[in-house]
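# Examination of the molecular architecture
Letter by letter, the chains look like this.
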Amino acid sequence: MTSVLEVNIQSKYFGAKQVLSPLRVAIAPGEVVSLVGASGCGKSTFLRIVAGLELDYAGNIQLNGQLHRGRSPAVGFIFQEPRLFPWLTVAQNLAFGVPQPSMASKALVRELLDEVGLAGYEKSLPKELSGGQAQRVAIARGLFTKPRVLLLDEPFSAVDAFTRMKLQELLTRIASHHGITLLLVTHDIDEAVYLSDRVLVLEANPGTLREVVAVPVARPRERTDPQLATARAQVLSALQRAHAI
Amino acid sequence: MSANPEILFGARVPEQHADRVHAPTPERTRSPVRRWLGLIPPLLVLVLGELAVRQGWVSRNLLPAPSDVLRTLLELASQGLATHVLASTLRVAAGFALGATLALMTGAAVGLSRQTEALLDPSFQALRAIPSLAWVPLLLLWLGIDEASKIVLIAIGAFFPVYMGVSSGFRDIDRKLMEVGHMYGLGPLALVRRVMFPAALPPVFTGLRNGLSLAWMFMVAAELIAATKGLGYLLTDGRETSRADIVLAAIVLLALVGKLSDSAMQHVEQRLLRWRDTHHSGH
């Protein structure tokens, strides 16, 4: 068993509507995998099932080879919006996973803030942060519990293009530094290709895996790398075949 | 929307609402001229009132001059005015504490559970529609004319705005923040304490402030009916002895203590809700 995460979904319904049909995804440790597809293809639902936020489905999930259902501290989640608790300071938001902050947790908070380039912001309130800063805090919060797998639901869609590129680089650096496996949902093909080892193209109604595009480019990557452009074209045509565009 | 106090007693609330909606923005407070602008109308009224009486435009026993009211206030101060203010304040404190505590509990129960809401909310909405004075005869019959009936009346007044604030606060919590709580695997109790309660705090405070201002109004209603001490008693006493100056003095005191208690509450609110991202939260 080499995969850190193995998702095997038979079906998922919202009422009478089937949103996911049989779908199997296995992810290797340290791998970065993106899910792309038209809106409503069930990719966010897929992510929420993996996160344990969605429990009503047919199928199973294996985490490190162990059957798992529901929440696990080994799985972190970063939402589309930062979703920081506005009444907590940056440090308190980061350490939300521990009820009582200890010396160790304080040190970890400092270390993570340093890592996302927000050293010294411990006592700031979320309202004092820009959108990009808030999302960096959210990334640091996602890392605080030291998850093995980090799930991201369109994590950078709410920030401007330049901030997005910086955050993508930050995420890649952090993920490889901590050896974290990433599974992300995105609408941005460039983002999917730049970040991922594999791009999974989903087809809608009901959602299922249509094609897998591998991106065999070593890191650190150059955005201008022609191999990325090739992969991008492959994802685009796969999306066309999946009737997403 | 929280209980609208204007339905019950008109006078004081619009002023307080205005105070909240148009709270000065940071740059406004810094302007020294604008800061004192609000003093012009009351000063003008005082000067005009004084002038009207001195010039004999109105009779002194109907509209006492501001200086007369001030003299009466000083006179009363030497004759135990403090006990009147204290009596009223204690009643408001007890009634508000009782009403607000019950409202916090029921409001939270209703806001947290759909079933409880379906069960209780329609009844509370119906009870809320009852004018405050309608309770008076019943309370007098049941509890007599002593303190208990007054405190219960004040508690009823304070209950509904707080109940509305708490229940809507808990009901309208951002689903997205709840989801973050779920991601951390928080149990129901931790979820209430660490996510729901702080998230609901702003509307809870709005309810508490409205409740407190209604408590003062209901206190007057209670004391107008039967009391031997208190600001409401002063009002009755002034009317019975045809002393408009005493009535006005009591009104001035009601405005002062009401404003004072609201400012204190507002101060606590601003301290606890410093994190709110509102357009005039900069100070």
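Structure report, in brief. Because the structure is predicted, anything quoted here is derived from the model rather than measured.

Regarding helix α10 (residues 175-183) of chain B, the residues found buried are Leu 177, Met 178, Glu 179, Val 180, Gly 181 and Met 183 of chain B. Elements that come into contact with the buried residues of α10 of chain B comprise α1 (43-51), β7 (75-78) and α4 (131-144) of chain A together with α11 (188-225) of chain B. Its side-chain oxygen placed 3.0 Å from the backbone nitrogen of Lys 176 of chain B, Asp 174 of chain B serves as the N-cap of α10 of chain B. Remark: Gly 185 of chain B follows α10 of chain B within two positions and exhibits a positive phi of approximately 65 degrees.

With 23 residues of chain A in contact, the opposing surface of chain B contributes 19 residues. For chain A, the biggest contributors to the area lost against chain B are Trp 87, Phe 96 and Lys 127 of chain A; these three give 39% of the whole. At the surface where chain A touches chain B, the tally comes to three salt bridges. One salt bridge connects Glu 81 of chain A with Lys 176 of chain B, and the closest N-O pair in it is separated by 3.1 Å. Secondary structure elements with two or more residues in the side of chain A that touches chain B: α1 and β7 of chain A. Sorting elements by how many residues they give to the side of chain A that touches chain B places β7 of chain A first, with three residues. Taken together, the residues of the side of chain A that touches chain B sort by class into 13 nonpolar, four polar and six charged.

Residues and elements named next belong to chain A. Overall, mixed pairing links the six strands, which are arranged β7-β8-β9-β4-β10-β11 in an open sheet. Every interior strand has two partners, whereas the edge strands, β7 and β11 (208-214), have only one. Looking at each pair of strands side by side, their axes are set apart by 20 degrees on average, direction ignored. Of the pairings in the sheet, the one linking strand β4 (residues 32-36) to strand β9 (residues 181-185) comprises four bridges and is parallel in character. Its bridge partner being in β9, Val 32 is matched across the sheet by Leu 182.

What follows deals with unusual backbone geometry. Residues and elements named next belong to chain A. Residue Asn 205 is joined to Pro 206 through a cis peptide bond whose omega torsion reads -15 degrees. With respect to the element layout, Pro 206 can be found in the loop between β10 (198-203) and β11. Along the chain, Arg 219 connects to Pro 220 via a cis peptide bond; the corresponding omega equals 0 degrees. Tracing the backbone shows Pro 220 in the loop between β11 and α7 (226-241). The residue Glu 154 is not glycine, and still its phi comes out positive at about 40 degrees. Counting through the fold element by element, Glu 154 comes out in the loop between β8 (149-153) and α5 (161-178).

Reading guide: rules and limits
- Each residue is numbered by its place in its chain's sequence as written, counting from 1.
- Lettering for chains starts from A, numbering for ligands starts from 1, and both go in the order in which the items are written.
- In keeping with the predicted nature of the model, local features appear solely for residues at pLDDT of at least 70, side-chain atom pairs appear and are counted solely at 80 or more, and the whole-chain, interface and lining totals rest on all residues.
- In computing side-chain values, all of the structure's heavy atoms are included and hydrogens and water are not.
- Burial status follows relative accessibility: with a 1.4 Å probe on protein chains alone, a residue under 20% of its type maximum counts as buried, one over 50% as exposed, and anything between as partly exposed.
- In this description a helix means any DSSP run of H or I spanning at least four residues, a strand means any run of E spanning at least two, and both kinds are numbered starting from the N terminus.
- In this description, contact between two residues means that some pair of their heavy atoms is separated by no more than 4.5 Å.
- Any N or O atom pair separated by 3.5 Å or less is treated as a polar contact, with the protein-specific requirement of one donor-capable and one acceptor-capable atom, and with residues adjacent in sequence counted only for side-chain atom pairs.
- When two components associate, each loses some accessible surface as probed by a 1.4 Å sphere; the sum of these losses over both components is called the buried area.
- Salt bridge, as used here, is a side-chain nitrogen of Lys or Arg placed within 4 Å of a carboxyl oxygen of Asp or Glu.
- Nonpolar residues are Ala, Val, Leu, Ile, Met, Phe, Trp, Tyr, Cys and Pro. Charged residues are Asp, Glu, Lys and Arg, and all others, Gly as well, are polar.
- We call two strands paired when DSSP finds no fewer than two bridges between them.
- Axis lines are fitted to C-alpha atoms, over the contacting stretch for helices. Their N-to-C directions set the angle, which ranges from 0 to 180 degrees.

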